[in-house]
Amino acid sequence: MSRPLRIAAAAAHFGRDLDRGLEKALGIVAAARRGGIDLLVLPHGTLGGYLSDLEDPRSDEVPPALSADAPQIAAVAAAAGPVTVCLGYTEVDVLHGYPCYFSAAVCLTGDGVLGRHRKVHQPAGEAKVFSAGDGFTAFDTPVGRLGMLIDYDKTFPEAGRSLALAGARTIACLSAWPASVTDRASRLLADRQSRLFDLYDSARAAENQVVWVSSNQTGIQGNLRFLGQAKVVGPGGDVLARTGSKGALAEVRLDVEHEVTRARRTLHHLAERRSDTYR
């Protein structure tokens, strides 16, 4: 039988200082644990920050990179206890004898790692320094079946749809999503990327009839100004809780299974697809 869950999406600034970022993450996780949060989604770059320049990043500007079994990740798991925590970082892996860097996300509890994701879709500048992941995987957690995406992944409907078809009822999208770097607006709310960030969150939740938990960085890194705008979106595309551009948690109490089942009772988008007509 399903039960209401307390779900929180974080808007927060995490920079390049790994020790400071870990300390901040541990503080947020500890507060979430004390507050009875069941699912906490932290931004991409929680450990090590993100790039400083998207137009022409240099290879020597790659954020501090961690291995999949890094002690920092183990420290967050130990702090999480019963809380399911998603967080993002730069991952280094040796492939064909050479180090490769990935934008990566991990989902964990005190029992260990539950699932992983490497960012598949990359804007042109990012592709100069990061390798791309090769798939989308849903996995079981204490808060139900879940999948993860990293910022630009949500631009592509196929990404969220792949996770929904794999049974994910909740999708966590971890972002380091900045305001426009080519057409800056005087106010963040008027920024083109700000509008797209919100649009994709609601559209992906509604088209897949899932609960969408969207975190994001805040503040400034190099010439990037991050939007914040963390939120939790219901399976009808309605924003249930959100933050502004400053650090905060968007928090809701929600029975995910009940809400997804109710949303799909009359119109079931996944069941009513016509795959034979799509090109």
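What counts and what doesn't
Residues numbered from 1 in each chain as written. Predicted model: local features only at pLDDT ≥ 70, side-chain atom pairs only at ≥ 80, totals over all residues. Heavy atoms only, no water. Core = buried A, V, L, I, M, F, W, Y, C linked by side-chain atoms within 4.5 Å. Buried < 20%, exposed > 50% of the residue type's maximum accessible area, 1.4 Å probe, protein only. Helix = DSSP H or I, 4+ residues; strand = E, 2+ residues; numbered from the N terminus. Contact = heavy atoms within 4.5 Å. 1 Å grid on protein atoms, 1.4 Å probe; cavity = no way out; pocket = protein on both sides within 12 Å on 5 of 7 lines; lining within 4 Å. Points joined across faces, edges and corners; volume = space filled by probe spheres on them. Salt bridge = Lys/Arg side-chain N within 4 Å of Asp/Glu carboxyl O. Pairing = 2+ DSSP bridges. Right-handed = clockwise from strand over helix to strand, strands pointing away.

(A) Region of interest: the nonpolar core. Core analysis: the largest hydrophobic core is formed by 27 residues, its most contacted members being Leu40, Leu42, Leu47, Val85, Leu87, Tyr89 and Leu108. Broken down by element, this core gets its largest block of residues, six residues, from helix H1 (residues 18-34). If near-sequence neighbours (up to four positions away) are discounted, Val85 is found in contact with Val29, Leu40, Leu42, Val76, Ala80, Val106, Cys107 and Leu108. Formed by 26 residues, the second largest nonpolar core is a distinct cluster that contains Leu5, Ala250, Val252 and Val260.

(B) Geometry of unusual backbone geometry. Phi at His96 takes a positive value of approximately 55°, unusual for a residue other than glycine. You can call His96 exposed: its relative accessible area is 80%. Notably, Gln209 is not glycine yet its phi reads approximately 55°, a positive angle. Counting through the fold element by element, Gln209 comes out in the loop between helix H4 (192-208) and strand S10 (211-217).

(C) Representation of the layout of surface pockets. The volume enclosed by the largest pocket comes to roughly 430 Å³. Along its surface, the largest pocket is lined by 22 residues, and Leu54, Pro123, Tyr152, Pro178 and Gln193 are the ones closest to its centre. Estimates place the volume of the second largest pocket at around 150 Å³. Lining the second largest pocket are His13, Phe14, Gly15, Arg16, Asp17, Arg20, Gly21, Glu23 and Lys24.

(D) Looking closely at the pattern of salt bridges. All told, the structure shown has 16 salt bridges when counted by the stated rule. Measuring nitrogen to oxygen at the nearest pair gives 2.7 Å for the salt bridge that ties Lys231 to Asp201. Here the residue Lys231 occupies a position in strand S13 (residues 231-233), and Asp201 occupies one in helix H4, the gap between them amounting to 30 residues. Note on accessibility: Lys231 and Asp201 belong to one class, buried. One salt bridge connects Arg274 with Asp276, and the closest N-O pair in it is separated by 3.1 Å. Exposure remark for Arg274: the relative accessible area of 47% places this residue in the partly exposed category. By relative accessible area, which is 52% here, Asp276 ends up exposed.

(E) Geometry of the pairing of strand S1 (residues 5-12). In terms of residue burial, S1 counts as a mostly covered element, since seven of its eight residues are buried. Bridge analysis of S1 against strand S2 (residues 39-41) gives three bridges, and the strand direction is parallel. Among the inter-strand pairings, Ile7 is bridged to a residue of S2, identified as Leu39. Considered for its hand, the β-α-β crossover made up of S1, H1 and S2 is right-handed.

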